[in-house]
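Topology and contacts: notes
In case you want the letters, here they are:
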Amino acid sequence: MSTPTATTDPASAYADVVRDNASLRAFLYGLPGVDQVGADARAAALGGRSIKTDAKKWAVDTAISMIDLTTLEGADTPGKVRSLCAKALQPDPSDLTAPHTAAVCVYGDMVRYAVEALGDSGVGVAAVATAFPSGRASEAVKLADVKDAVDAGASEIDMVIDRGAYLSGRYLDVYDSIVKVKAACGSAHLKVIFETGELATYDNVRRVSWLAMIAGADFIKTSTGKIQPAATPPVTMIMLEAVRDWYAATGRHVGVKPAGGIRTTKDAMKYLVIVNEVAGEDWLDPALFRFGASSLLNDLLLQRQRMSTGRYSGPDYVTVD
Amino acid sequence: MTTKPRLSVMKTYKLYVDGKFPRSESGRTYEVYDGKGTFVANAAKASRKDARDAVVAARKAQSGWAGATAYNRGQILYRVAEMIEGRRAQFVDDVRTAEGATAPAANRIVDAAIDRWVWYAGWTDKFSQVVGGANPVAGPYFNLSTPEPTGVVVAFAPQGSSLLGLVSVIAPIIATGNSVVAVSSYARPLPAITLAEVVATSDVPSGVVNLLTGDAAEIGPWMADHADVNALDLTGVDADVATDLQIRSAQTLKRVFPARSSDRDTDFEGDPGTARLAAFVETKTVWHPIGT
């Protein structure tokens, strides 16, 4: 792998890499391959750690503060978004020491309701854009989608890449679209969704991670949550390795967000262990690691109640949405 | 001709949780002796984690079971009675071993247990007529009350009556649409395990009945504290432990039955009545305009 020297301007350092499709392809294929069996085994080993009480308390609160509380359904209404925002601000009304979540993640047309409900609370508003979840729309429509969400007040944009273009080798097209969306985002943070379940191999996950980071992604995200398999520990681990290597090469932090399929406290803790062991402590922060999940929060709250009261809790003691 | 001596096959019995027969998560077992003090088998000693798993399974199963028609629940309960009848010899044997009963006494107990299942099977679709109904109100509307299942019930089965007592505790709970986590008699668990095998092979959905063998005094406080348990049946718990469990239950507003008793006070061979059916239901009342 030919790594450019560290610089504060990654774009210029990688200017040669993105000169044309052939050079971008050559760079991506020059990245070291992923040993699939080894990656699976390492992720499983890291996920098998036993977390003891005090660390667990810390982990539960940290995980809550990393959640992008998400509702991405066709049946979403302003009312549902408002109640989700209320939950994001105060996840457990019976225990005000519970931290708020990192952000609320909604469709573009729902952004204004979320912005209204959250005010300047510090909880971000993330909007999925660029013809989420398929990514199948013309460039003009995708950019308009992004602009629409940013104008409505979204502080974070979750874009999907064109998996068809990526899988057919049109890497420069994917790069260009990320660059354009990044420009359209203005001051909003850009999360790039890969839909790793459709990318078939771990090698592709590493390559697309680098591709997105060169194009200026602030966050890289595993999945839309609409396709199975969604986030898995090995895929997240490979993405964390990529952001770690990117930081070593450029001095710039990029965040990681696994999304979809993370439902239990146990799962969330596995991810936190992987984050700490692979990328390092810097990433144990909502600014650099997020969980895209909606049902995870309730399980974390039940665990939290169990630890603070000493008795097992039940789903009747948390809100449904 | 000489007969070869055989090795005795001593079973290690397991728990019954979510339609499966797992070992205790703790790996613990305890020794079970018959009425004369001879070693009979090993039984799994359930831990609080096993109990918690059972509550999760019971919660998952409860709404589906409550949603089945009362008629269907009755059929399934009757099916259980049929299956006990089919394994009558084994149940008689188990009761004799567990309780040290004579053959006629054990036969009588198993007969009574089968009759008890049939009794509760018959009640499933009649119970709401008895405890519910149209309330007399002075206004232009109907006022109707109907019983609904309480939810997940943890039942501590009688310590003395290993089969009839257990049946008398479990059947009314599930007849009204609740799911149950039953903790069997500590010293006499074998009929309970055989009953679990019967339940597993009849049509009772997984998780509706969960049977744990172990110490009620150990598991009890965790279940009384558990916020996802809706009611406790303290029939088989000693009076002093029962008081503690009732106090703990108050924190999560659980129903507790009976309020003050132990199984020594209960004659399980007598008329069961409907008291146990009525103990684990909530009355829902709706108002509805008469219309014109």
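Cut-offs applied
Residues numbered from 1 in each chain as written. Chains lettered and ligands numbered in written order. Predicted model: local features only at pLDDT ≥ 70, side-chain atom pairs only at ≥ 80, totals over all residues. Heavy atoms only, no water. Helix = DSSP H or I, 4+ residues; strand = E, 2+ residues; numbered from the N terminus. Rg over C-alpha atoms; globule rule 2.2 N^0.38 Å. Buried < 20%, exposed > 50% of the residue type's maximum accessible area, 1.4 Å probe, protein only. Contact = heavy atoms within 4.5 Å. Areas by Shrake-Rupley, 256 points an atom, 1.4 Å probe, with all protein chains shown as cover. Lys, Arg positive; Asp, Glu negative; His and termini not counted. Charge placed at Lys NZ, Arg CZ, Asp CG, Glu CD. Phe/Tyr/Trp six-rings, centres within 6.5 Å; stacked < 30°, edge-to-face > 60°. Lys NZ or Arg CZ within 6 Å of the ring centre and 35° of its normal. Pairing = 2+ DSSP bridges. Right-handed = clockwise from strand over helix to strand, strands pointing away. Core = buried A, V, L, I, M, F, W, Y, C linked by side-chain atoms within 4.5 Å. Buried area = accessible area lost by both parts, 1.4 Å probe. Salt bridge = Lys/Arg side-chain N within 4 Å of Asp/Glu carboxyl O. Polar contact = N/O pair within 3.5 Å; in protein donor to acceptor, adjacent residues only side chain to side chain. Nonpolar A, V, L, I, M, F, W, Y, C, P; charged D, E, K, R; others polar. 1 Å grid on protein atoms, 1.4 Å probe; cavity = no way out; pocket = protein on both sides within 12 Å on 5 of 7 lines; lining within 4 Å. Points joined across faces, edges and corners; volume = space filled by probe spheres on them. Axes fitted to C-alpha atoms, helices over the stretch in contact; angles between N-to-C directions.

Helix and strand content of chain B: ten helices and eleven strands. For chain B, whose C-alpha radius of gyration is 20 Å, the value lies close to the compact-globule estimate of 19 Å for 292 residues. For chain B, the C-alpha atoms occupy an extent of roughly 90 × 40 × 35 Å along the three principal directions. A buried classification covers 49% of the 292 residues belonging to chain B. Summarising the internal contacts of chain B: among those between residues at least 6 apart in sequence, 77% fall at separations of at least 24. Here chain B displays about 13,400 Å² of accessible surface, and carbon together with sulfur accounts for 53% of that area. On chain B, the mean spot of the 30 positive side-chain charges and the mean spot of the 31 negative ones are 4 Å from each other.

All told, the structure shown has 17 aromatic pairs over all chains when counted by the stated rule. Residues A:Tyr247 and A:Trp283 carry aromatic rings whose centres are separated by 6.0 Å and whose planes lie at 85 degrees to one another, so their mutual orientation is edge-to-face. With A:Tyr247 in helix α11 (residues 233-250) and A:Trp283 in the loop between α12 (265-279) and β8 (291-293), the pair connects residues that are 36 residues apart, well separated along the chain. Given the relative accessible area of 2%, A:Trp283 is considered buried. Ring centres of B:Tyr16 and B:Phe21 lie 4.9 Å apart, and the angle between their planes is 35 degrees; this geometry places the pair in the tilted category. Residue classification places B:Phe21 among the partly exposed residues on the basis of a relative accessible area of 33%. Put simply, the rings of A:Tyr14, A:Phe27, A:Trp210 and A:Trp246 touch in pairs and so form one group of aromatic residues. When the ring centre of A:Phe219 is taken as reference, the NZ or CZ atom of A:Lys191 above it lies at 5.9 Å. Looking at B:Arg48, its charged tip hangs above the ring of B:Trp222, at a distance of 4.0 Å from the centre.

Residue and element names in this part refer to chain B. Strand order in the open sheet made by the three strands is β4-β5-β11, with antiparallel pairing throughout. Both edges of this open sheet fall to β4 (133-134) and β11 (281-289), since each of them pairs with a single strand only. Note: strand β5 (residues 141-149) against β11, nine bridges, orientation antiparallel. Bridged to phenylalanine 142 within β11 is histidine 288.

Here the focus is the pairing of strand β8 (residues 209-212) of chain B. Regular strands place side chains that alternate from one sheet face to the opposite one. Residue and element names in this part refer to chain B. Taking every second residue as pointing to the same face, both faces of β8 are buried, with Val209 and Leu211 on one and Asn210 and Leu212 on the other. Here four bridges tie strand β7 (residues 179-183) to β8, and the two strands are oriented parallel to one another. Paired with valine 180 across the two strands is valine 209, which belongs to β8. Regarding topology, helix α7 (residues 190-201) serves as the crossover connection from β7 to the parallel β8, and that connection is right-handed.

Let us now look at the nonpolar core. A:Ile157, A:Ile220 and A:Phe291 are the most contacted members of the largest nonpolar core, which has 98 residues in total. Excluding residues that lie within four positions of it along the chain, A:Ile157 makes contacts with A:Ala127, A:Ala129, A:Val146, A:Ala149, A:Val150, A:Cys185, A:Ala188, A:His189, A:Leu190 and A:Lys191.

Attention now goes to the interface of chain B and chain A. Where interface size is quoted, it is often the accessible area lost as the parts come together. Contact residues are listed per partner, giving nine residues for chain B and nine residues for chain A. For chain B, the biggest contributors to the area lost against chain A are B:Arg52, B:Trp222 and B:Ala227; these three give 41% of the whole. For the interface between chain B and chain A, the tally reads zero salt bridges. The interface formed by chain B and chain A includes three residue pairs in polar contact (both at pLDDT 80 or more). For the side of chain B that touches chain A, the secondary-structure elements that each account for two or more residues are α1 (48-67) and α8 (216-225) of chain B. For the side of chain B that touches chain A, a count of residues per class yields two nonpolar, three polar and four charged.

Right, let's get into the layout of surface pockets. Residue and element names in this part refer to chain A. Estimates place the volume of the second largest pocket at around 200 Å³. Forming the boundary of the second largest pocket are 14 residues, of which Gln305, Thr309, Arg311, Ser313 and Tyr317 lie nearest the centre. If you tally residues by element for the lining of the second largest pocket, the top one is helix α13 (residues 295-309), at three residues. When the residues that make up the lining of the second largest pocket are grouped by side-chain class, the tally is four nonpolar, seven polar and three charged.

As a further point, take the pairing of strand β6 (residues 152-156) of chain B. All names here are of chain B. Counting buried positions along β6 yields five of five residues, so the element is predominantly enclosed. Neither face of β6 is exposed, since Val152, Val154 and Phe156 on one face and Val153 and Ala155 on the opposite face are all buried. Pairing of β6 with β7, which is carried by five bridges, proceeds in the parallel orientation. Pairing of phenylalanine 156 across the sheet is with valine 183, part of β7. For the crossover that starts at β6, traverses helix α6 (residues 164-175) and ends in the parallel β7, the hand is right-handed. The sheet contact formed by β6 and strand β9 (residues 231-233) spans three bridges and is parallel.

Residue and element names in this part refer to chain A. Relative to the assigned elements, lysine 147 resides in helix α7 (residues 139-151). Judged by its relative accessible area of 47%, lysine 147 is partly exposed. Along the chain, lysine 147 and threonine 62 lie 85 residues apart, while their C-alpha atoms are 32 Å from each other.

Moving on, we come to empty space enclosed by the protein. Residues and elements named next belong to chain B. Across all of its chains, the model carries one cavity of 30 Å³ or more by this definition. In this structure, the largest cavity spans a volume of roughly 40 Å³. Lys14, Leu15, Tyr16, Ala192, Ile193, Ala196, Leu211, Leu212 and Thr213 together form the lining of the largest cavity. Contributions of two or more residues to the lining of the largest cavity are made by α7 and β8. The element contributing the most residues to the lining of the largest cavity is α7, with three residues. Taken together, the residues of the lining of the largest cavity break down into seven nonpolar, one polar and one charged.

Here we take up the sheet that holds strand β1 (residues 67-70) of chain A. Residues and elements named next belong to chain A. Spatially, eight strands are ordered β7-β6-β5-β4-β3-β2-β1-β8 in an open sheet, and the strand pairing comes out parallel. The open sheet has two edge strands, β7 (255-257) and β8, and neither has a second partner. The mean inter-strand angle of the sheet, taken between neighbouring strand axes irrespective of direction, is 25 degrees. Bridge count between strand β5 (residues 189-193) and strand β6 (residues 219-221): three bridges; the pairing is parallel. Bridge assignment links isoleucine 193 to a residue of β6, and that residue is lysine 221. Along the sheet, helix α9 (residues 171-185) contacts β4 (156-160) and β5; its crossing angle with β5, the most-contacted strand, is approximately 150 degrees.

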